[in-house]
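Structural overview for review
Okay, here's what each chain looks like letter by letter:
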Amino acid sequence: FKLYQALYSPEPPLTESVYVLFASNLLQQDALTWWQSLGATAPETWTGFVEALRLQFTPVNAHRDARNRLARLRQSRSVAVYWSEFQSTCLSLPGISEDEKLDKFIRGLKPNVRLEVLKTDPGTFDAAVRVAMSVDSALYSERMYTYGNSAGAG
């Protein structure tokens, strides 16, 4: 993905075969051995290259494992940490809809944060994340303020 972004913007645009050539030269160890074994059957398009890599190196149950991780994922620390774990898991689920992301994200929030997010009835995943981050930040600030005042009183 990073490679594609880095190579996507040159003028004039590069051909897909150049993307594949460049990316294949970055392969190492098992990936390089696999690529070399393809020989003349190696894909020449970027889409073919990415798909071949996925087929070769994605574990058989990766999709199901990612779905299970997403179903079990709960906010246990900050919303920022939860969001990062959530996004990382969603990357393994390219077909996940925005509605499903929104639903799963909200369900995994701590109850007090979830309630505040639900009050705003966010229409998008990004809107829910913004509200959750804001609420979490406010709750953290309040805890620090309360803790700071109670520690000094006495």
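In short, a report on the structure. Here, residues in each chain are numbered from 1, in the same order as that chain's written sequence. Local features in this predicted model are restricted to residues whose pLDDT is 70 or higher, and side-chain atom pairs enter the listing and the counts only when it is 80 or higher, whereas totals over whole chains, interfaces and linings include all residues. Hydrogens and waters are ignored; side-chain quantities use all the structure's heavy atoms.

Let us now look at the overall build of the chain. Secondary structure elements are defined from DSSP: runs of H or I of at least 4 residues count as helices, runs of E of at least 2 residues count as strands, and each element is numbered from the N terminus. Scanning the chain from terminus to terminus reveals 9 helices and 0 strands. Each helix and strand of the chain, ordered N terminal to C terminal, gives the series α-α-α-α-α-α-α-α-α. The buried label applies to any residue whose accessible area, calculated with a 1.4 Å probe on protein chains only, is under 20% of its type's maximum; exposed applies above 50%, and partly exposed to all values in between. The buried share of the chain, taken over its 154 residues, is 28%. A separation threshold of at least 6 residues defines the contact pool for the chain, and within that pool the share at least 24 residues apart is 45%. Areas reported as accessible are Shrake-Rupley estimates using a 1.4 Å probe. Residue values count occlusion only from the protein chains shown. For the chain, the exposed surface amounts to about 10700 Å²; the carbon and sulfur share of it is 56%. Every residue pair with non-hydrogen atoms within 4.5 Å of one another is taken to be in contact.

Across soluble globular proteins, nonpolar side chains have a tendency to be buried as a group. Ranked by size, the top nonpolar core spans 20 residues in total, and within it Phe 86, Phe 105, Leu 109, Val 113, Val 117 and Ala 132 carry the most contacts. The element that contributes the greatest number of residues to this core is helix H9 (residues 125-152), accounting for 5 residues. If we skip the residues at most four places from it in the chain, Phe 86 touches Leu 70, Leu 73, Lys 101, Lys 104, Phe 105 and Phe 125. As used here, the term nonpolar core means buried Ala, Val, Leu, Ile, Met, Phe, Trp, Tyr and Cys residues forming a set that is joined through side-chain atoms within 4.5 Å. Grouped together as the second largest cluster of nonpolar side chains are 11 residues, Tyr 19, Trp 34, Trp 35 and Trp 46 included.

This next bit is on the environment of Pro 43. Locating Pro 43 in the fold gives a position in the loop between helix H3 (29-38) and helix H4 (46-57). Classification of Pro 43 by relative accessible area gives buried; the value is 18%. When neighbours within four sequence positions are excluded, Pro 43 is seen to be in contact with Val 20, Trp 35, Leu 38, Gly 48, Phe 49 and Ala 52.

Turning to the pattern of salt bridges, a few remarks are in order. Salt bridges are defined by distance alone: a side-chain nitrogen of Lys or Arg within 4 Å of a carboxyl oxygen of Asp or Glu. Tallying each qualifying case throughout the model produces 5 salt bridges. The partner of Arg 77 in a salt bridge is Glu 85, and the shortest N-O contact between them spans 3.6 Å. Of the charged contacts, one joins Arg 107 and Asp 103 as a salt bridge, the two residues approaching to 2.9 Å between their closest N and O atoms. Of this pair, Arg 107 and Asp 103 are both found in helix H7 (residues 98-108), 4 residues apart, which corresponds to roughly one turn of the helix. Among the residues examined, Asp 103 registers a relative accessible area of 32% and is labelled partly exposed.

Another point: the packing of helix H6 (residues 79-90) against H7. The axes used here are C-alpha line fits, helices contributing only the stretch in contact, and every angle between their N-to-C directions lies in the interval 0 to 180 degrees. It is the contact of H6 with H7, at a shortest axis distance of 11 Å, that shows an interaxial angle of 145°. In this structure, H6 meets H7 at a crossing whose hand is right-handed. Counted together, Val 79, Tyr 82, Trp 83, Phe 86, Gln 87 and Cys 90 of H6 and Lys 101, Lys 104, Phe 105 and Gly 108 of H7 form the full contact between these two elements. Asp, Glu, Lys and Arg are counted as charged, while Ala, Val, Leu, Ile, Met, Phe, Trp, Tyr, Cys and Pro are counted as nonpolar; the rest, among them Gly, fall into the polar class. Grouping the amino acids of the contact of H6 with H7 by side-chain chemistry returns 6 nonpolar, 2 polar and 2 charged. Crossing chirality is assigned from the near helix's rotation relative to the far helix, an anticlockwise turn below a right angle marking it left-handed and a clockwise turn marking it right-handed.

With respect to the element layout, Gln 75 can be found in the loop between helix H5 (62-72) and H6. Among the polar contacts made by the side chain of Gln 75, one reaches the main-chain carbonyl oxygen of Arg 77 at a distance of 3.0 Å. Apart from the residues within four sequence positions on either side, Gln 75 is in contact with Tyr 82, Gly 108, Leu 109, Lys 110, Val 113 and Asp 136. Residues adjacent in sequence count toward polar contacts only when both atoms are side-chain atoms; beyond that, a polar contact is any pair of N or O atoms within 3.5 Å, and within protein one must be able to donate a hydrogen and the other to accept it.

That's the geometry; what it means functionally is another story.
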